[in-house]
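# Observations on chain architecture
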Amino acid sequence: MSKIITFSESAKAEILDSFNMAVNLETGYIVEKNNSQKIVLSPEGDPLEFRNFAGIKKGSLVFVKSDITSLINLSDTLK
């Protein structure tokens, strides 16, 4: 049986906060807490919106989008 973990919006914000990241309220993008102009990019190089944030890959600050392509790519790298 596959285990799926989902996070509430507030839990996602707490996760980002623990990595010194925040959400730019004007754009919805994840940014560095101390530099709201520095937008976090997905592994594909796309700016990452908070609503599409799925998590952070262990061992680095690789932010993962919640779309199917990104999740499949993550799964492939974890095997």
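The sections below set out a description of the structure shown in this document. (Residues numbered from 1 in each chain as written. Predicted model: local features only at pLDDT ≥ 70, side-chain atom pairs only at ≥ 80, totals over all residues. Heavy atoms only, no water.)

We now examine the sheet that holds strand 3 (residues 35–39). Strands pair in a sheet through their backbones, by hydrogen bonds, and they do so in one of two ways: parallel or antiparallel. With antiparallel pairing, the three strands of this open sheet are ordered in space as 1-2-3. A single partner strand is all that each edge strand has here, and the edge strands are strand 1 (21–23) and strand 3. Ignoring strand direction, the axes of neighbouring strands in this sheet form an average angle of 55°. Pairing of strand 1 with strand 2 (residues 30–32) involves three bridges; the strand directions are antiparallel. Within strand 2, the position partnered with Met21 by the bridge is Glu32. (Pairing = 2+ DSSP bridges. Helix = DSSP H or I, 4+ residues; strand = E, 2+ residues; numbered from the N terminus. Axes fitted to C-alpha atoms, helices over the stretch in contact; angles between N-to-C directions.)

Another aspect to go through is the nonpolar core. Leu16, Met21, Ile30, Val40, Leu48, Phe50, Phe53 and Phe63 form the largest nonpolar core, which has eight residues in total. Among all residues touching Phe63, those that are not within four sequence positions of it are Leu16, Met21, Val40, Leu41, Ser42, Pro43, Leu48, Phe53, Gly55 and Ile56. (Core = buried A, V, L, I, M, F, W, Y, C linked by side-chain atoms within 4.5 Å. Buried < 20%, exposed > 50% of the residue type's maximum accessible area, 1.4 Å probe, protein only. Contact = heavy atoms within 4.5 Å.)

This next bit is on the pairing of strand 3. Sheet topology note: the strand 2/strand 3 ladder contains two bridges and is antiparallel. Each bridged residue has a counterpart across the sheet, and for Glu32 the counterpart in strand 3 is Asn35. A loop of two residues connects strand 2 with strand 3, the two strands running antiparallel in sequence.

Turning our attention to the packing of aromatic side chains. Inspection of every chain in the model, using the stated rule, returns one aromatic pair. Plain terms: the ring middles of Phe53 and Phe63 are 6.1 Å apart, the flat faces sit at 45° to each other, and that makes the pair tilted. In this pair, Phe53 sits in strand 4 (residues 53–57) while Phe63 sits in strand 5 (residues 62–65), placing the two residues ten residues apart along the sequence. Phe63 shares its class with Phe53; the two are buried. Against the face of Phe50 rests Lys12, its NZ or CZ located 4.8 Å from the ring centre. (Phe/Tyr/Trp six-rings, centres within 6.5 Å; stacked < 30°, edge-to-face > 60°. Lys NZ or Arg CZ within 6 Å of the ring centre and 35° of its normal.)

Right, let's get into the side chain of Ser42. Looking at the element boundaries, Ser42 is found in the loop between strand 3 and strand 4. What Ser42 contacts, discounting residues up to four positions off in sequence, is Phe63 and Lys65.

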